[in-house]
Amino acid sequence: MSKDRIKSLLGITAMVAAAASIIAVSYITGQEKREYKSYDFAMGTALSADIYTEGLDEAKEKTFNQRLFQEIKKLDTKVISWRTSDSEVYNINNRKRGYNNVPVSKDLKELIELSLNIGNTTDGALDITLRPVINVWGIENETDSENFSIPDKSLLEEERKRCGFEKIKIENDRLLIPDDMLLDFGAVGKGYALDKARLFLKQENRVKGAVISVGGSIMTYGVRPDGEKFSIGIRDPEGTEGDVMGVLNVGEAFISTSGSYEKYKIKDGKIYHHIIDRNTLYPSQTGLKSVTVIASNGALSDGLSTALFNLGVEKSLPVLEKYNAEAIFITEDNKVIVTDGIKNDFTICADGYKLYSDK
């Protein structure tokens, strides 16, 4: 990834964090209550931490945030990353043929089990084994659209043979996986990193509240200094990076967004985005620009945002009910569909969008 791209991502995160905190520093009174913001880069995206503390000085706050980021980086480089040599997933993906019974760590076991659960519930709308097909498309590659070509259907079908989450199993602490199959946790890993971040925050009782972001996934923790809900900006699919189309007010929550605007290529005037439908092997076409999911844990919100994008609005509603989650859907014609549990906490703030229930 280029230095310019990294700087861009860090800049976006700073804007998101600022929007999320809603100049929270103005609410902090007294010398013991403090806010500390910091930024970093991991998991191929930007990290931000906006932490409210009581009884920690600036030096200790800085050290605490650095340790928090190190936990996220360690999870990525030691467990989740399929790109980083010697990570657990990298070693599984590059294992010798015939080595189909693999020991897995507690973290990886949890990720696999949750991913399989979502995959089964959504009839494969989330499939952590789809990496071979994604690689053929090459939409995530840092090349311009002029060098992008639509892959031959026969090649996609050939790679399909290497996919299918139904073919893998967890038995005790071991993974049973066929030859040539690859694992990819890009759709759940950032959310899971927030689950680990929450556990880390709970170890320090002087942390009273926080907004942590890992790319398109955000965690709100504890309370704001003024006791009000956290205000989280929802990305505007039509705007530039950092623009928001609405604001969601939440207490403690995990919020993840998947959208067609995140990574894409343009060919002959048509946009090809990175969220692949495993049924068609082509970018998903469900009439959506983005899906934001609010759930009780990070990996669930992250995984569901991808799955629901593939399902479309109508098929997503029973899934949300099963997982006791909420969602904001933005359609290709700029209708905004908000589930009942958060309707009163969401406000559109950009022109061109309209709540679906509006007359």
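Note that this is a predicted model, so its numbers are computed, not measured.

Looking now at the overall build of the protein. The helix and strand inventory of the protein stands at nine helices and 17 strands. Considering only C-alpha atoms, the protein reaches an extent of 65 × 50 × 40 Å along its principal axes. For the protein, with 359 residues in total, the buried portion stands at 50%. Relative to all contacts within the protein whose residues are 6 or more apart in sequence, the contacts with residues 24 or more apart total 63%. Summed over its atoms, the accessible surface of the protein is roughly 17,000 Å², and 47% of this surface lies on carbon and sulfur atoms. Across the protein, 47 positive and 54 negative side-chain charges occur, with their mean positions spaced 3 Å apart.

The subject of this paragraph is the sheet that holds strand E7 (residues 217–222). Strand order in the open sheet made by the nine strands is E1-E2-E6-E7-E10-E13-E14-E15-E17, with mixed pairing throughout. Among the strands making up the open sheet, the edge pair consists of strand E1 (33–42) and strand E17 (354–355). In the sheet, strand E14 (residues 326–331) pairs with strand E15 (residues 335–338) via three bridges, with the strands oriented antiparallel. Its bridge partner lying in E15, Phe329 is registered against Ile337. Relative to the sheet, helix H2 (residues 58–80) contacts E1, strand E2 (45–54) and strand E6 (207–214), its axis offset from that of E1 by approximately 30°. Sheet strands touched by helix H7 (residues 189–202): E2, E6, E7 and strand E10 (253–259). Its angle to E7, the strand with the most contacts, is close to 20°.

This paragraph deals with the environment of Asn205. The topology assignment puts Asn205 in the loop between H7 and E6. As a C-alpha pair, Asn205 and Val336 span 131 residues in sequence and 39 Å in three-dimensional space.

Attention now goes to the packing of aromatic side chains. Inspection of the entire model under this criterion finds five aromatic pairs. Centroid distance Phe64 to Phe200: 5.0 Å. Interplanar angle 35°. Geometry classified as tilted. Of this pair, Phe64 sits in helix H2 while Phe200 sits in helix H7, and the two are 136 residues apart along the sequence. For Phe64, a relative accessible area of 5% corresponds to the buried category. A relative accessible area of 6% means that Phe200 is categorised as buried. Considering the side-chain rings of Phe148 and Tyr272, the 5.9 Å spacing of their centres and the 50° angle between planes classify their relative orientation as tilted.

What follows covers unusual backbone geometry. Backbone geometry at Asp180 places phi at a positive 70°, although glycine is not the residue there. Checked against the element boundaries, Asp180 lands in the loop between strand E5 (174–176) and H7. The exposure class assigned to Asp180 is partly exposed, which follows from its relative accessible area of 39%. One non-glycine residue, Asn324, lies in the positive phi region at around 55°. Residue placement: Asn324 occurs in the loop between helix H9 (313–322) and E14. What makes Asn324 exposed here is its relative accessible area of 67%.

Attention now moves to the pattern of salt bridges. Under the counting rule described, the total for this entry stands at 24 salt bridges. Salt-bridge contacts for Lys106 lead to Glu110; the nearest nitrogen and oxygen are separated by 2.7 Å. Of this pair, Lys106 and Glu110 both sit in helix H4 (residues 106–121), four residues apart, which is roughly one turn of that helix. For Glu110, a relative accessible area of 32% corresponds to the partly exposed category. Here Glu157 and Lys153 are joined by a salt bridge, their closest N and O atoms 3.7 Å apart. Remark: Lys153 and Glu157 occur in helix H6 (residues 153–160); sequence separation between them is four residues, near one turn of the helix.

With that settled, the discussion passes to the confidence of the model for the protein. Confidence in the prediction for the protein averages 90 pLDDT; 90% of positions are at 70 or higher. Counting contacts from residues 1–31, a segment whose pLDDT is below 50, to residues more than four positions away or on other chains yields 57 contacts.

Next up on the list: a nonpolar patch on the surface. A contiguous nonpolar surface patch, about 270 Å² in accessible area, is contributed by Tyr264, Ile266 and Ile271. Assignment of secondary structure puts Ile266 in strand E11 (residues 264–267). Using a relative accessible area of 38% as the deciding quantity, one classes Ile266 as partly exposed.

Bringing the packing of helix H8 (residues 298–311) against H9 into the picture now. In helix packing, the relevant descriptors are the interaxial angle and the interaxial distance, both defined with respect to the helix axes. Put simply, H8 and H9 touch, their axes get as near as 7 Å, and they point 145° apart. For the pair formed by H8 and H9, the contact residues are Leu304, Leu308 and Leu311 on the first element and Val313, Lys315, Ser316, Val319 and Leu320 on the second.

Taken together, the three strands give an open sheet; going across it, the order is E3-E5-E4, and neighbouring strands pair in antiparallel fashion. The open sheet is flanked by strand E3 (101–103) and strand E4 (169–171), the only strands paired with a single partner. Within the sheet, the average angular offset between the axes of one strand and its neighbour, ignoring direction, is 30°. In the sheet, E3 pairs with E5 via three bridges, with the strands oriented antiparallel. Bridging from a neighbouring strand, Pro103 pairs with Arg174 of E5.

About the cut-offs
Residues numbered from 1 in each chain as written. Predicted model: local features only at pLDDT ≥ 70, side-chain atom pairs only at ≥ 80, totals over all residues. Heavy atoms only, no water. Helix = DSSP H or I, 4+ residues; strand = E, 2+ residues; numbered from the N terminus. Buried < 20%, exposed > 50% of the residue type's maximum accessible area, 1.4 Å probe, protein only. Contact = heavy atoms within 4.5 Å. Areas by Shrake-Rupley, 256 points an atom, 1.4 Å probe, with all protein chains shown as cover. Lys, Arg positive; Asp, Glu negative; His and termini not counted. Charge placed at Lys NZ, Arg CZ, Asp CG, Glu CD. Pairing = 2+ DSSP bridges. Axes fitted to C-alpha atoms, helices over the stretch in contact; angles between N-to-C directions. Phe/Tyr/Trp six-rings, centres within 6.5 Å; stacked < 30°, edge-to-face > 60°. Salt bridge = Lys/Arg side-chain N within 4 Å of Asp/Glu carboxyl O. pLDDT = per-residue confidence, 0-100. Patch = residues over 30% accessible without salt bridge, like charges linked within 9 Å, V, L, I, M, F, W, Y side chains within 5 Å.

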